[in-house]
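Close look at the chain arrangement
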Amino acid sequence: TDSRLDEIQAAVLRVRLKKLDERNARRRDIHRRYRRYLSPGMRLFDRTGANGCAHLFVVRVPERDRFMAFMDNLGISTNVHYPVPIHLQPAYEGRVFLGPKKCVEAERLAVECVTLPLYPEMSDAQVHTVCAALQAWAKQEGDSGAVDAAE
């Protein structure tokens, strides 16, 4: 296939690239703010490094469905990007020998991982709403050490 950009795509990309560093900095800022409000039961998947773009904010939550419902009740959208591990995808059926233990960790991740909203156009008020919701979740889960959501 031909993967060259057409003129319209190239023009859009040229404009968007001018703000790439600024947009990535905003993503990193939101990522940093969210981290402050994670409850002890949540584990962050943080592979961004100091200069990463923080494209997603993915956490492991043992009771993901309950957490997602909690966030939804507060008007916050969450997402599950990979609900079925690769080894359980129909295309791999009968093609992959996994042995007796299979991919236990991958299967656990598939039911615990959830992505919080993170995009550079988020307003400070929207980010604060997510932070306050994370703090409320932590409080509900019995974490008395949650950080105050007033930023």
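Throughout what follows, the structure given in this document is the object of discussion. (Residues numbered from 1 in each chain as written. Predicted model: local features only at pLDDT ≥ 70, side-chain atom pairs only at ≥ 80, totals over all residues. Heavy atoms only, no water.)

**Some points on the overall build of the protein**
The condition that has to hold: The way it works is that DSSP assigns letters per residue, a run of H or I at least four long becomes a helix, a run of E at least two long becomes a strand, and they are numbered from the N terminus. Only the protein chains shown count as cover for residues, and the accessible areas themselves come from Shrake-Rupley with a 1.4 Å probe.
Secondary structure assignment for the protein yields five helices and three strands. Reading the helices (α) and strands (β) of the protein from amino to carboxyl end gives α-α-β-β-α-α-β-α. As presented, the protein carries roughly 10,300 Å² of accessible surface, and 53% of it is formed by carbon and sulfur atoms.

**Thoughts on the packing of helix 2 (residues 20-35) against helix 5 (residues 124-140)**
In helix packing, the relevant descriptors are the interaxial angle and the interaxial distance, both defined with respect to the helix axes. Quick reminder of the rule: Lines fitted to C-alpha atoms define the axes here, with helix axes fitted over just the stretch in contact, and angles between the N-to-C directions of these axes take values from 0 to 180 degrees. These descriptions rest on fixed angle ranges, namely under 35 degrees for roughly parallel, over 145 for roughly antiparallel, 65 to 115 for roughly perpendicular, and the rest for oblique. Note on convention: near helix rotated counterclockwise from far helix by under a right angle means a left-handed crossing. Clockwise means right-handed. It only takes one pair of heavy atoms within 4.5 Å for two residues to be counted as in contact.
One way to put it is that helix 2 packs onto helix 5 with a least axis distance of 10 Å and a crossing angle of 25°. For the element pair helix 2 / helix 5, the angle class is roughly parallel. The way helix 2 lies across helix 5 gives a crossing that is right-handed. Contacts from R26, I30, R33 and Y34 in helix 2 reach D124, V127, H128, V130, C131 and L134 in helix 5.

**A few points about the pattern of salt bridges**
Oppositely charged side chains can pair when the atoms bearing their charge come close. As a reminder, the rule being used: When a carboxyl oxygen of Asp or Glu lies within 4 Å of a side-chain nitrogen of Lys or Arg, that pair is called a salt bridge.
Per the counting criterion, the structure on display carries 12 salt bridges. Shared partners join several salt bridges into a network, and the residues in it are R26, D29, R32, R33 and D124.

**Brief notes about the packing of helix 3 (residues 64-73) against helix 5**
Which entries qualify depends on this criterion: By the convention adopted, Pro, Cys, Tyr, Trp, Phe, Met, Ile, Leu, Val and Ala count as nonpolar, Lys, Arg, Asp and Glu as charged, and the other residues, Gly among them, as polar.
Put simply, helix 3 and helix 5 touch, their axes get as near as 10 Å, and they point 130° apart. Taken as axis vectors, helix 3 and helix 5 run oblique relative to one another. Here helix 3 runs over helix 5; the crossing is right-handed. Residue-level inspection shows R66, F67, F70 and M71 of helix 3 in contact with helix 5, the latter providing V130, A133, L134, A136, W137 and Q140. Within the contact of helix 3 with helix 5, the residues separate by chemical class into eight nonpolar, one polar and one charged.

**Topic: the sheet that holds strand 1 (residues 43-45)**
Sheet strands line up and pair through hydrogen bonds in the backbone, either parallel or antiparallel. Keep this limit in mind: Pairs of strands are assigned from DSSP output, requiring at least two bridges between the strands.
On the basis of which strands lie adjacent, the open sheet formed by three strands has the order 1-2-3 and antiparallel pairing. Each edge of the open sheet carries a strand with a single partner, namely strand 1 and strand 3 (113-116). For this sheet, the mean inter-axis angle between neighbouring strands, taken without regard to orientation, is 35°. One ladder, built from four bridges, connects strand 2 (residues 57-60) with strand 3; its direction is antiparallel. Bridge pairing in strand 3 places V58 opposite T115. The strands touched by helix 2 within the sheet are strand 1, strand 2 and strand 3, with strand 2 carrying the most contacts at an inclination of about 25°. This element, helix 4 (residues 104-112), spans strand 1, strand 2 and strand 3 of the sheet and lies at about 110° to strand 2.

**Details of helix 2**
Since the α-helix packs 3.6 residues into each turn, any two residues three or four apart lie on the same face. Here is the rule we go by: Residue count minus one, scaled by 1.5 Å, sets the expected span of a helix.
Taking 1.5 Å per residue, 16 residues should reach 22 Å; helix 2 reaches 23 Å between its end C-alpha atoms and fits that length. Lining the buried residues of helix 2 we find strand 1, strand 2, strand 3 and helix 5.

**Let's talk about the layout of surface pockets**
In this approach the atoms are scanned with a rolling probe the size of a water molecule, which exposes any empty space left behind. We apply this condition: Cavity: a set of points on a 1 Å grid over the protein atoms alone where a 1.4 Å probe fits but cannot get out. Pocket: an open set with protein on both sides within 12 Å along at least five of seven lines, its lining residues, like those of a cavity, having an atom within 4 Å of a point. Grid points are joined across faces, edges and corners, and a volume is the space filled by probe spheres set on the points.
Considered as a void within the structure, the largest pocket measures approximately 340 Å³ in volume. Of the residues that constitute the lining of the largest pocket, the class distribution is 13 nonpolar, four polar and one charged.

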